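# Secondary and tertiary structure notes
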Amino acid sequence: MFIRNLPSSAGALSTASVVTGFTSGSILYVDSSITLAEDNANLFYDATNAFVGFGTASPGGRLDVGGSISPAANASAFMARVAGTLVEAGSGVHARLSGLEITAPTITAGVATVTDAVTLYISAAPTGTFTNTALALWVDAGRTRLDGDLLLGGDILDNNGNTIIQLTETGS
């Protein structure tokens with residue numbers, strides 16, 4: 001079904017309206033031709049699991065961002081961005097203002113074996129050819145605060161990749 005230039009006299013679509021001709025999981029939108037459209041490869045909803053996919057038609061979690069981006073020359077690119085302005089209240093105390101907060105998941109015990117459980121997992125640094133180095137995590141400015149234990153599995157390097165502290169495994 002295509003709806004083009006629906007006149008106001010035609011009324012509105014309601015939750016009882018049946019829309020046919022689209023794929024299950026489609027998130028419908030109005031395209032540049034003012035036509036109801038779908039693009040499951042780039043925007044998809046898995047109603048069974050309540051998963052949303054951007055750049056994938058088979059999301060593996062509540063929010064799954066995938067696909068590829070081809071930035072223009074001399075432009076930066078990112079798969080997801082959190083940006084905006086937090087406006088303080090006129091009075092009172094804010095316990096924390098944060099651009100992104102990742103809260104630890106609750107893992108309900110079952111019969112499976114869990115090898116590792118993490119709140120934020122970075123699988124590796126990017127791969128490819130780079131002018132400088134590929135980093136799995138980059139804090140560009142400001143202080144970094146770690147309140148818990150820090151487990152390091154490698155040496156500490158300077159900006160040129162030279163070892164400044166060599167960590168060795170100790171044990172029996």
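Throughout what follows, the structure given in this document is the object of discussion. (Residues numbered from 1 in each chain as written. Predicted model: local features only at pLDDT ≥ 70, side-chain atom pairs only at ≥ 80, totals over all residues. Heavy atoms only, no water.)

## What to know about the overall build of the chain
Looking only at helices and strands, the chain features zero helices and seven strands. Start at the N end of the chain and walk to the C end: the helices and strands fall as β-β-β-β-β-β-β. Expressed as a percentage of the 172 residues in the chain, the buried residues total 8%. When contacts within the chain are restricted to residue pairs at least 6 apart in sequence, long-range pairs at least 24 apart make up 8% of them. Counting only carbon and sulfur atoms, one obtains 52% of the accessible surface of the chain, whose full area is about 15,100 Å². (Helix = DSSP H or I, 4+ residues; strand = E, 2+ residues; numbered from the N terminus. Buried < 20%, exposed > 50% of the residue type's maximum accessible area, 1.4 Å probe, protein only. Contact = heavy atoms within 4.5 Å. Areas by Shrake-Rupley, 256 points an atom, 1.4 Å probe, with all protein chains shown as cover.)

## Comments concerning the layout of surface pockets
In this structure, the largest pocket spans a volume of roughly 1,800 Å³. Taken together, 34 residues form the lining of the largest pocket, with Leu120, Ile122, Ala136, Leu137 and Trp138 sitting closest to its centre. Taken together, the residues of the lining of the largest pocket break down into 20 nonpolar, nine polar and five charged. Roughly 470 Å³ of internal volume is contained in the second largest pocket. Together, Ala77, Phe78, Met79, Ile102, Thr103, Pro105, Val118, Thr119, Leu120 and Tyr121 line the second largest pocket. Split into classes, the residues belonging to the lining of the second largest pocket amount to eight nonpolar, two polar and no charged. (1 Å grid on protein atoms, 1.4 Å probe; cavity = no way out; pocket = protein on both sides within 12 Å on 5 of 7 lines; lining within 4 Å. Points joined across faces, edges and corners; volume = space filled by probe spheres on them. Nonpolar A, V, L, I, M, F, W, Y, C, P; charged D, E, K, R; others polar.)

## Digging into a nonpolar patch on the surface
On the surface, Val82, Leu100, Ile102, Leu120, Ile122, Leu137 and Val139 cluster together into a nonpolar patch covering about 690 Å² of accessible area. Here leucine 137 shows up in the loop between strand E5 (63-65) and strand E6 (156-157). Exposure remark for leucine 137: the relative accessible area of 63% places this residue in the exposed category. (Patch = residues over 30% accessible without salt bridge, like charges linked within 9 Å, V, L, I, M, F, W, Y side chains within 5 Å. Salt bridge = Lys/Arg side-chain N within 4 Å of Asp/Glu carboxyl O.)

## Re the side chain of threonine 56
Following the sequence through the fold, threonine 56 ends up in the loop between strand E4 (51-54) and E5. Not counting residues up to four positions away in its chain, the partners in contact with threonine 56 are Asn40, Ala41, Phe44 and Asp64.

## Overview of the pattern of salt bridges
A full pass over the atoms with the stated rule returns two salt bridges. Taking the shortest distance from any N to any O, the salt bridge between glutamate 101 and arginine 96 comes out at 3.3 Å. A salt bridge links arginine 145 to aspartate 147; the nearest nitrogen and oxygen atoms lie 2.8 Å apart. Pair check on accessibility: arginine 145 and aspartate 147 agree, each one exposed.

## Quick look at unusual backbone geometry
Of note, isoleucine 34 is a non-glycine position whose phi angle comes to about 60 degrees, a positive value. Looking at the secondary structure, you find isoleucine 34 in the loop between strand E1 (29-30) and strand E2 (36-37).

## Structural notes on the environment of valine 30
Checked against the element boundaries, valine 30 lands in strand E1. Sequence-distant contacts of valine 30, that is, excluding residues within four places in its chain, are made with Thr35 and Leu36.

## A look at the pairing of strand E3 (residues 43-46)
Burial along E3 is one-sided: Phe44 and Asp46 are buried, while Leu43 and Tyr45, pointing the other way, are not. Bridge count for E3 against E4 is four bridges, and the pairing is antiparallel. Counted as the bridge partner of tyrosine 45 is valine 52 from E4. The antiparallel pairing of E3 with E4 creates a hairpin that spans four residues between the two strands, and alanine 50 there sits at a positive phi of about 60 degrees. (Pairing = 2+ DSSP bridges.)

## Quick look at the pairing of E4
Here E4 shows one buried face, formed by Phe51 and Gly53, and one open face, formed by Val52 and Phe54. As defined by bridge partners, E4 adjoins E5 across three bridges and the pair is classed as parallel. When the sheet's bridge partners are listed, glycine 53 is paired in E5 with aspartate 64.

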